[in-house]
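Per-entry structural report
Read off the chains here:
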Amino acid sequence: MGNPRWVRRPEGSNWGDFGPDDNLGRLNLLTPEKVRQGTAEVAEGIAYCLSLPLDLPGGNALNPNRFPPVLRPTRRAGEVNYNFEMDRLHPGHTDVLCDDLAVLHLQYSTQWDSLAHAGSMFDADGDGVPEPVFYNGFRAAEHVVGPAGLDDAGAETLHRTTTSSAGPLGIDHMARKAVQGRAVLIDLHAHLGDARTLVDFDILADIMTADGVVVADGDIVCLHTGFGEKVLEMNGDPDPEVLHGYGSVLNGRDPELLRWITESGLAALVADNYAVEAFPAPQAAVPAAVLPLHEHCLFKLGVHLGELWRLTPLAEHLRARGRSRFLLTAPPLNLPGAVGSPVTPVATV
């Protein structure tokens, strides 16, 4: 199977299966039929917001590279454009206006990861030399482009010039797909509680069997661990020791679990915890990924990952009614070139 960007694809990947230039991955499975299946799950007309407040978890204890959003007023006519009385510019007029801006780390809180979030060193050229590549062979520095120096990275030297772009793998392509369809919730927390549990395929399969959960092609799978609710309880002052030891996480080193993700046909994978999988993952002989489930999903399969969603109220509602499926609407920001995005998902039951 040839491609303008690669002559060999990673073992177990689906590169090229959706076309030589595909940049949506398994979101291609979100067909009109999947939307109809999702709407068929709406029985009560109750909607749940699945987003944490975007200033949570608070601080940067969970990830030292990501910081809470900063809100500031814009300026108008050389003055602060907040509680601005328009009479100053237009005498006799009654308007009082506020306008603001945000400095936003796009993957700080409830988020989607784009397919540019995690690539891998892989010999796509077949010449024996690995190069940094992303899903479907899109190349670092050619398609996914960032600056060469620190002066054009981070917020400390914030200018008005954009210095990076995920190009064809940017989150904006996901936004235009709209991300709506049938979702399935797997309630890990109901079976495993608060304890830190490394979830392999056998544990996951037992829970799905116990709850009668079935995942079909094109379903969006949501994993409830209770982590998001624990973050809310901490009210912006997270205890990293508690959070890093809390709740269920997928074992990205389990080949059977990765095989299930491939064979299940799920369109996207979501969790209410920090990284969906254990971070760091269990030790493995190198060369190996630090985040093997990220590599498998984002790099090999084109399966977008959602993290730090708020799933507990929805999970409780579904469990009380013996349900696991619902309509999910969860487009990211249509921000061209972004690697990730905040999201305000809505579940309708």
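Residues numbered from 1 in each chain as written. Predicted model: local features only at pLDDT ≥ 70, side-chain atom pairs only at ≥ 80, totals over all residues. Heavy atoms only, no water.

Some thoughts on the nonpolar core
The criterion, for reference: For the purposes of this section, nonpolar cores are sets of buried Ala, Val, Leu, Ile, Met, Phe, Trp, Tyr and Cys residues that join through side-chain atoms within 4.5 Å. With a 1.4 Å probe rolled over the protein chains alone, any residue whose accessible area is under 20% of its type maximum counts as buried; one over 50% counts as exposed, and the rest are partly exposed. The secondary structure listing takes helices from DSSP runs of H or I that are at least 4 residues long and strands from runs of E that are at least 2 residues long, numbered from the N terminus. Should any heavy atoms of two residues lie within 4.5 Å, those residues are considered in contact.
Among the nonpolar cores identified, the biggest contains 41 residues, and I186, L204, L223, W260, I261 and L269 are the most heavily contacted of them. For this core, the elements supplying multiple residues, two or more each, are β11 (180–187), α4 (201–211), β13 (220–224), α7 (255–264), β15 (268–271) and α8 (292–301). A per-element tally of this core places α8 first, with 5 residues. Apart from the residues lying within four places of it in its own chain, the contact partners of W260 are I186, F201, L204, M208, V215 and L266. Counting residues in each nonpolar core, the second largest holds 28 residues, with V179, A268, W309 and L328 among its members.

Some remarks on the environment of R325
Here is the rule we go by: We define a polar contact as two N or O atoms separated by no more than 3.5 Å, with the added condition that, inside protein, one atom must be a possible hydrogen donor and the other a possible acceptor, whereas residues neighbouring each other in sequence contribute only through side-chain atom pairs.
Here R325 lies in strand β17 (residues 325–329). R325 sits in the partly exposed class, given a relative accessible area of 21%. Setting aside residues up to four positions removed in sequence, R325 forms contacts with E41, R182, A183, V184, V214, D219 and L318. Polar contacts involving the side chain of R325 include one to the main-chain carbonyl oxygen of V214, which spans 3.3 Å.

Structural notes on the packing of aromatic side chains
The condition that has to hold: For Phe, Tyr and Trp, rings pair up if their centres lie within 6.5 Å, where Trp contributes its six-membered ring, and each pair is then called stacked (planes under 30 degrees apart), edge-to-face (over 60) or tilted (otherwise).
In total, this model carries 7 aromatic pairs according to the counting rule given. Taking the centre distance of 6.5 Å and the plane angle of 55° together, the rings of Y274 and F279 count as tilted. For Y274, a relative accessible area of 17% gives the class buried. For F279, a relative accessible area of 40% translates into the label partly exposed. Put simply, the rings of W6, W15, F122 and F299 touch in pairs and so form one group of aromatic residues.

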